[in-house]
Amino acid sequence: MNSKQEAPERQDIEELLPWHAAGTLSRRDAQRVEEALARDPELARRYALVREEFGETIHLNETLGAPSARALEKLFVAINAEPERRQVASLNLGSRISEFFSSLSPRTLAWSASAAAIAILLQAGLLADIMLKETKTSAYETASAPTTDPGVGAFTLIRFAPQASSDDVTKFLEANKLSIAAGPMAGGLYKVRVAVTGIPKGEFARIVKKLQEDKVVSFIAATE
Amino acid sequence: MQTTSDEVLISRIAGGDRLAMQVLYARHHVRVYRFVLRLVRNEATAEDLISEVFLDVWRQAGKFEGRSAASTWMLSIARFKALSTLRRRPEEELDDETAGQIEDHADDPETALAKKDKGSALRQCLTKLSADHREIIDLVYYHEKSVEEVAEIVGIPEATVKTRMFYARKKLSELLKEQGVDRGWP
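Residues numbered from 1 in each chain as written. Chains lettered and ligands numbered in written order. Predicted model: local features only at pLDDT ≥ 70, side-chain atom pairs only at ≥ 80, totals over all residues.

Focus: the overall build of chain A
Here is step 1 of the chain: Counting secondary structure elements, chain A contains eight helices and four strands.
Here is step 2 of the chain: Shown N-terminal to C-terminal, the secondary structure of chain A runs as helices and strands in the order α-α-α-α-α-α-β-α-β-β-α-β.
Here is step 3 of the chain: When the 224 residues of chain A are sorted by exposure, 20% land in the buried category.
Here is step 4 of the chain: Within chain A, residue pairs in contact and separated by at least 24 positions form 67% of the contacts whose partners lie at least 6 positions apart. (Helix = DSSP H or I, 4+ residues; strand = E, 2+ residues; numbered from the N terminus. Buried ≥ 20, exposed ≤ 12 C-beta atoms within 10 Å, placed from the backbone. Contact = placed C-beta atoms within 7 Å.)

With respect to the overall build of chain B
Here is step 1 of the chain: Secondary structure assignment for chain B yields ten helices and zero strands.
Here is step 2 of the chain: Tracing chain B from N to C terminus, the helices and strands come up as α-α-α-α-α-α-α-α-α-α.
Here is step 3 of the chain: Burial statistics for chain B: of 186 residues in total, 39% are counted as buried.
Here is step 4 of the chain: Expressed as a percentage of contacts within chain B between residues at least 6 apart in sequence, the contacts between residues at least 24 apart total 61%.

A short note on the confidence of the model for chain B
Residue and element names in this part refer to chain B.
Here is step 1 of the chain: Looking at chain B, pLDDT values average 87 and 84% of them are 70 or higher.
Here is step 2 of the chain: At the level of individual helices and strands, chain B shows its lowest average pLDDT in helix α5 (residues 91–107), which scores 46, and its highest in helix α9 (residues 147–154), which scores 97.
Here is step 3 of the chain: Low pLDDT (under 50) marks residues 94–107, which in the prediction has ten contacts with non-local residues, meaning those over four places away or in another chain.
Here is step 4 of the chain: As a predicted assembly, this complex carries a pTM of 0.63 together with an ipTM value of 0.86. (pLDDT = per-residue confidence, 0-100.)

Focus: the environment of A:N61
Here is step 1 of the chain: Locating A:N61 in the fold gives a position in helix α3 (residues 41–62).
Here is step 2 of the chain: A residue is classified by how many C-beta atoms lie within 10 Å of it, and A:N61, with 20 of them, is buried.
Here is step 3 of the chain: The residues touching A:N61, leaving out its near neighbours within four places in the chain, are B:R34, B:D138 and B:Y142.

Structural notes on the nonpolar core
Here is step 1 of the chain: Ranked by internal contacts, the top residues of the largest apolar core, which has 63 residues, are B:I13, B:V32, B:V36, B:I50, B:A78 and B:V140.
Here is step 2 of the chain: Per-element tally for this core: the top contributor is helix α2 (residues 18–40) of chain B, with eleven residues.
Here is step 3 of the chain: Once residues lying within four places of it in the same chain are set aside, the contact partners of B:V32 are B:I50, B:V53, B:M74, B:L75 and B:A78.
Here is step 4 of the chain: If you look at the next biggest cluster of nonpolar residues, it comprises twelve residues, including A:I158, A:A164, A:L178 and A:Y190. (Core = buried A, V, L, I, M, F, W, Y, C linked by C-beta atoms within 7 Å.)

Quick word on the confidence of the model for chain A
As a note on interpretation, predicted positions should not be read in detail where pLDDT is low.
Residues and elements named next belong to chain A.
Here is step 1 of the chain: Across chain A, the average pLDDT comes to 77, with 66% of residues at 70 or higher.
Here is step 2 of the chain: Contacts of residues 1–5 to residues separated by more than four positions or lying in other chains number one contact, the stretch itself having pLDDT below 50.
Here is step 3 of the chain: Here residues 134–149 is modelled with pLDDT under 50, and outside its nearest four sequence neighbours on either side it reaches two contacts, counting other chains as well.

Quick word on the interface of chain A and chain B
Here is step 1 of the chain: If you look at the interface, chain A gives 40 residues, while chain B gives 44 residues.
Here is step 2 of the chain: Going through the elements one at a time, α1 (3–22), α3, α4 (69–80) and α5 (93–102) of chain A are the ones with two or more residues in the side of chain A that touches chain B.
Here is step 3 of the chain: A per-element tally of the side of chain A that touches chain B places α3(A) first, with eleven residues.
Here is step 4 of the chain: A breakdown of the residues in the side of chain A that touches chain B according to their chemical character gives 18 nonpolar, eleven polar and eleven charged. (Nonpolar A, V, L, I, M, F, W, Y, C, P; charged D, E, K, R; others polar.)

Some thoughts on the environment of B:R18
Here is step 1 of the chain: Secondary-structure assignment places B:R18 in helix α2.
Here is step 2 of the chain: Sequence separation of B:R18 and B:W58 is 40 residues, and the distance between their C-alpha atoms is 9.0 Å.

Here we look at the sheet that holds strand β2 (residues 179–185) of chain A
Residues and elements named next belong to chain A.
Here is step 1 of the chain: Taken in spatial order, the four strands line up as β2-β3-β1-β4 in an open sheet, and their pairing is antiparallel. In this open sheet, the two strands that pair with only one neighbour each are β2 and β4 (217–223). The sheet shows a mean angle of 25° between the axes of neighbouring strands, direction not considered.
Here is step 2 of the chain: Where strand β1 (residues 154–160) meets β4, six bridges bridge the pair, whose relative direction is antiparallel. Residue pairing in the sheet places T156 in a bridge with A222 of β4.
Here is step 3 of the chain: Contacts from helix α8 (residues 201–212) reach β1, β3 (189–195) and β4, with the element oriented near 165° to β4. (Pairing = 2+ DSSP bridges. Axes fitted to C-alpha atoms, helices over the stretch in contact; angles between N-to-C directions.)

Notes on unusual backbone geometry
Residues and elements named next belong to chain B.
Here is step 1 of the chain: Cis rather than trans, the peptide bond between W185 and P186 has omega equal to 10°.
Here is step 2 of the chain: Counting through the fold element by element, P186 comes out in the segment after α10 (158–178).
Here is step 3 of the chain: Of note, R41 is a non-glycine position whose phi angle comes to about 55°, a positive value.
Here is step 4 of the chain: Relative to the elements of secondary structure, R41 occurs in the loop between α2 and α3 (43–60).
Here is step 5 of the chain: Taking the C-beta count within 10 Å as the criterion, R41 has 18 such neighbours and is therefore assigned partly exposed.
Here is step 6 of the chain: Of note in the backbone geometry, E144 takes a positive phi value of approximately 55° without being a glycine.

Looking at the pairing of β3(A)
Residues and elements named next belong to chain A.
Here is step 1 of the chain: In this sheet, β3 lies alongside β1 in antiparallel orientation, the contact comprising six bridges. Within the sheet, the bridge partner assigned to L157 lies in β3 and is K191.
Here is step 2 of the chain: Two strands pair when backbone bridges link them, and β2 and β3 are joined in this way by four bridges, in the antiparallel orientation. Across the sheet, residue I180 finds its bridge partner in β3, namely V192.

Some thoughts on the packing of α4(A) against α2(B)
Each pair of packed helices gets described by two things: the angle between the helix axes and the distance between those axes.
Here is step 1 of the chain: As a packed pair, α4(A) and α2(B) sit with axes 12 Å apart at the nearest point and diverge in direction by 150°. Taken together, α4(A) and α2(B) sit at an angle that is classed as roughly antiparallel. Note that α4(A) runs across α2(B); the crossing there is right-handed. Contacts between α4(A) and α2(B) pair A:A71, A:L72, A:L75 and A:I79 from the former with B:R18, B:M21, B:Y25 and B:H29 from the latter. (Parallel < 35°, antiparallel > 145°, perpendicular 65-115°, else oblique. Left-handed = near helix turned anticlockwise from the far one by under 90°.)

Encoded structure:
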């Protein structure tokens, strides 16, 4: 291949050098550039110039400082003046799945899996118990299993701290006589039953405050 | 450590989650600010603009489809706002400011001394490039945007992105040569 034939290819590769330095080329293009750099010393010399520019551009931008807190304050003043909007579902199933899993830390995820396994075992036990009872009675029963009313009691929404282990969460639930009524929901929240009956507002607020102080809890709010 | 992706944050913002907005802001505001500052060359204006950029993110989050990176989307908004501001700004104000900035650098004895240093000479020349050339160099080197992403932000074909970057670099070399730094290229 003579130099005239090489020139357009060198020009083509040379135009890609800035992106090669920044690491934003596709694997295929990066490979092309690497091969050209290996066989063309002049191109390699020019690549060294690109790397200088790359470094100094970062240096220059890093000296530009950062905006003051005023920008954030101004933003939230404007946001608070916006009309309130209802919570809407995520754009698609993929985002929702991504949203759900991203809300869980690896430990919480592991804990959720354990909780799910325990729930399956409990359900199996409950079904076995019902079947055994059925053999003992001939009285009429509805098709649904007998349960306590899930809507009765005092509830909170809790998000557990990402660093909390399953042991920490179990101990926390036991120590405070709590049970999980539902969850995990969006944002990694669990609906937790604080009492099986309704309790006075002041007493409920005191319990929520006490639970909030536990390191296992990253977020807590009273709910219906 | 696990972090929530920008896409997830934006879907939460679409639902009115202010905490997600704070997280997204904390993650991107410095880069967006620097991008805008390099275009408008005025700190107060740049600060005002980033509030506006993120307010647009708050308002438009429901329309974000995730086809491009969130940072690319935000830089596109930032660019549009910066250019609109520049168009509104009186011509003479712009000229004075630009001239002032160049003069400040040139008259600074420290800078004059530092001209001997290739690095500072390069940085000084980077500030003297035209807005189009500054922008493309920043997007490629500092904001680490691919050819496709730059094309999307700037609104030009990919082939033009490559040639504009090439000419921006060429101009940089010419400016350096005027300062006595010959790079042997182009």
